[in-house]
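Secondary and tertiary structure notes
Each chain is listed here by its residues.
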Amino acid sequence: MELESMYQEIILEHYRRPLHAGLREPFDAQVQHVNPTCGDEVTLRVTLKDADGEPVLADVSYETLGCSISQASASVMADMIIGKTVGEAMAISEEFLRLMQSRGTAEPDESVLGDAVAFEGVSKYPARIKCALLSWMAWKDATARALDERAGTAAAAGPDGDREQE
Amino acid sequence: MTAQREMTAREPAGGAQLDVDAIRADFAILGRAVRGGNHLIYLDSGATSQKPRQVLDAERDFYTTRNAAAHRGAHLLGEEATDAYEQARARIAAFLHGSPGEIIFTKSATEAVNLVAYAMSNAATSGPQAHRFAVGPGDEVLITEAEHHANLVPWQQLCERTGATLRWFGVRPDGRLNLADAGELITSRTKLVAVTHQSNVTGVVPPVAEIAAAAHAQGALVLADGAQSVPHQPVDVTRLGADFLVFSGHKMLGPSGIGVLWGRRELLEAMPPFITGGSMIEVVRMDRSTFLPPPERFEAGVPAAAQAVGLAAACDYLDALGMTSVAAHEEALTAHALDALAGISGLRILGPLDTDQRGGAVSFVLDGIHPHDVGQVLDELGIAVRTGHHCAWPLHRALGAQSSTRATFYVYNTHDEVDALADGIRQAQKFFRSESSGAA
């Protein structure tokens, strides 16, 4: 049955026993993202720490209300990115986005994506791509806010050139 | 009344049984294969219905023989297109037992609700005859918790624009409206009551005539959302009680892009326009304009004539079947579905468990399995259902559900398809529950 290509055992496993689930303190930023077509929700918190001057994801905690795909995706994501630098996690997120937009034609890089390659089958179902991306989008948003927050507290240093290229 | 006699002649007492095999032959799409090579089992007509050959032919015939911009042009095609458009209006009026001057074409039921809501906020600046539509601080708009977002958000917005207060009837655990506090909610402050004529989630058919009588006694206007009732049950605007009725063509075998606002003539006469522009004006000067009477006042721009013609053909198709028969067929399918689903453990139906004052939307939640996942398994079996909150988020909250899976039935659905749905739900349970017994 085709269903197994979407609901791979790894996905069902993460759905049944999600990793890093629950909202934890302390945190630098919290966001709530909703998929308005189905009402699925994720609340996600990001905690950053400094390691050799680079921001590292000390913790990513979340609470989801949604289908197996969105719950499993949050679990896989948290497990992959906690402990990584923001730059490394962003690279994984870009690769995951590329996979999800491929409609099943991409050759996912398992060395980058780890368990997240299991979502390849989901990319063949356009209606479910948003489910898989919900927590990643929330994470990106929360991280951007957490970084802004840090930039804000360090802002005495003067204007940065971020927006000039736009 | 002639219209009523015609309806009686078309419909034998009690309604003849539908010849579903013959009906299905008119819907080519029902013969196509879907995922896994399965035959399509289409249980999502509440979102949009399929279209019979007769409707497609009518639209195609308009484009191939009479296509021109209606109500414009000094040429033969323009005249024929105008005739076709106006005949479609008359046909739809007859379907509802109304008169053609009370039928306004919109692009959808959603636009029809917005038309009334914006006409009401425009009323403040539209002269004394529009005064009865004006709302402001101290006035109230009364809706219900059972509404589709299309009959909810436009009223919230009207209240935000005007300072009026939005109030609503709650729903009971079985999805029916809690009308016990009608005396408190319907008062002299109430300017408009907007209520569904059939819930798209629970199938509940509220007592619109009763609500309308109470509203009229306080001088309020009443709008009924017929998006789920007009396609599925006989609707007679002379008995409905409401002042306005909105519905969409695409949910009743017609094309997309066409909807209807029916309104009582004297109200339409006094109501200011919503969308302005060409073909709704009488005289235009650089600093001001005057407008045509209804229905033209509310139909700015080149009208969707081919879609109106298609919708008229849908009315022909439904009347040939007989709306009493259509309703009886769906009631039988709904009773079957309620019965079949009641036998599934861990399944909760959102809405009444019997078919009394209830249409054919059967929404349900399953313990431990999200509707998206249920829908995916059903899709794998060729069964098309709706999953999510079905544009009725507050109603889901009120019924204690984050979202649900919904099956809806129409003239082409069979009892075998209802059985396939019940089997499919069991397969979904098996798929997601296997090896999950130890899950925390």
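Reading the values: rules and limits
Residues numbered from 1 in each chain as written. Chains lettered and ligands numbered in written order. Predicted model: local features only at pLDDT ≥ 70, side-chain atom pairs only at ≥ 80, totals over all residues. Heavy atoms only, no water. 1 Å grid on protein atoms, 1.4 Å probe; cavity = no way out; pocket = protein on both sides within 12 Å on 5 of 7 lines; lining within 4 Å. Points joined across faces, edges and corners; volume = space filled by probe spheres on them. Helix = DSSP H or I, 4+ residues; strand = E, 2+ residues; numbered from the N terminus. Nonpolar A, V, L, I, M, F, W, Y, C, P; charged D, E, K, R; others polar. Buried < 20%, exposed > 50% of the residue type's maximum accessible area, 1.4 Å probe, protein only. Pairing = 2+ DSSP bridges. Axes fitted to C-alpha atoms, helices over the stretch in contact; angles between N-to-C directions. Parallel < 35°, antiparallel > 145°, perpendicular 65-115°, else oblique. Contact = heavy atoms within 4.5 Å. Salt bridge = Lys/Arg side-chain N within 4 Å of Asp/Glu carboxyl O.

**Remarks on the layout of surface pockets**
Put simply, the largest pocket is a space of about 520 Å³. Around the largest pocket, the lining comprises 20 residues; the ones closest to its centre are Ala127(A), Arg35(B), Gly375(B), Asp379(B) and Val385(B). Of all the secondary-structure elements, those providing two or more residues to the lining of the largest pocket are helix H6 (126-153) of chain A together with helix H13 (371-380) and strand S13 (383-384) of chain B. Each residue belonging to the lining of the largest pocket can be placed in one class, and the counts come to 9 nonpolar, 7 polar and 4 charged.

**Topic: the pairing of strand S1 (residues 29-35) of chain A**
Sheet faces and side chains relate simply in a regular strand, where the side chains alternate between the two faces. Residues and elements named next belong to chain A. Side chains Ala29, Val31, His33 and Asn35 project from S1 onto a buried face, and the interleaved Gln30, Gln32 and Val34 project onto a face without burial. The pairing of S1 with strand S2 (residues 40-51) spans 7 bridges and is antiparallel. The residue of S2 that forms the bridge with valine 34 is glutamate 41. The turn linking S1 back onto S2 is made up of 4 residues, and glycine 39 within it adopts a positive phi angle of 85°.

**A few points about the packing of helix H5 (residues 109-122) of chain B against helix H6 (residues 153-162) of chain B**
Residues and elements named next belong to chain B. As a packed pair, H5 and H6 sit with axes 9 Å apart at the nearest point and diverge in direction by 10°. Accordingly, the angle class assigned to the pair H5 and H6 is roughly parallel. Counted together, Val113, Asn114, Val116, Ala117, Tyr118, Met120 and Ser121 of H5 and Pro154, Trp155, Leu158, Arg161 and Thr162 of H6 form the full contact between these two elements. Here the contact of H5 with H6 is composed, by residue class, of 8 nonpolar, 3 polar and 1 charged.

**Description of the sheet that holds strand S8 (residues 259-263) of chain B**
Residue and element names in this part refer to chain B. Strand order in this open sheet of 7 strands is S2-S8-S7-S6-S5-S3-S4, and the pairing throughout is mixed. Edge positions in the sheet fall to strand S2 (103-106) and strand S4 (165-169), since each of these pairs with one other strand and no more. Averaged over all pairs of adjacent strands, the angle between strand axes in this sheet comes to 20°, irrespective of strand direction. Here 5 bridges tie strand S5 (residues 190-196) to strand S6 (residues 221-225), and the two strands are oriented parallel to one another. Paired with threonine 196 across the bridge in S6 is aspartate 225. The strands touched by H5 are S2, S5, S6, strand S7 (244-248) and S8; relative to S7, the strand with the most contacts, the crossing angle is about 145°. Docked against the sheet, helix H8 (residues 208-217) engages S5 and S6, running at close to 175° with respect to S5.

**Focus on the pattern of salt bridges**
Residue and element names in this part refer to chain A. Overall, the coordinates contain 27 salt bridges over all chains when judged by the stated rule. The salt bridge involving glutamate 95 is made with arginine 98; its shortest N-O contact spans 3.0 Å. Within this pair, glutamate 95 and its partner arginine 98 are both found in helix H4 (residues 86-100), separated by 3 residues, close to a single helical turn. Residue arginine 98 is classed as partly exposed on the basis of its relative accessible area of 44%.

**Description of unusual backbone geometry**
Here the amide bond leading from Glu25(A) into Pro26(A) is cis, since omega sits at -10°, within 30 degrees of zero. Tracing the chain through its elements places Pro26(A) in the loop between helix H2 (9-16) and S1. At the junction of Pro294(B) and Pro295(B), the peptide bond is cis and its omega measures out at 0° in the coordinates. Looking at the element boundaries, Pro295(B) is found in the loop between strand S10 (289-291) and helix H11 (305-321). Phi at Gln357(B) takes a positive value of approximately 50°, unusual for a residue other than glycine. In this structure, Gln357(B) sits in the loop between strand S11 (347-350) and strand S12 (361-366). Note on Gln357(B): relative accessible area 46%, which makes it partly exposed.

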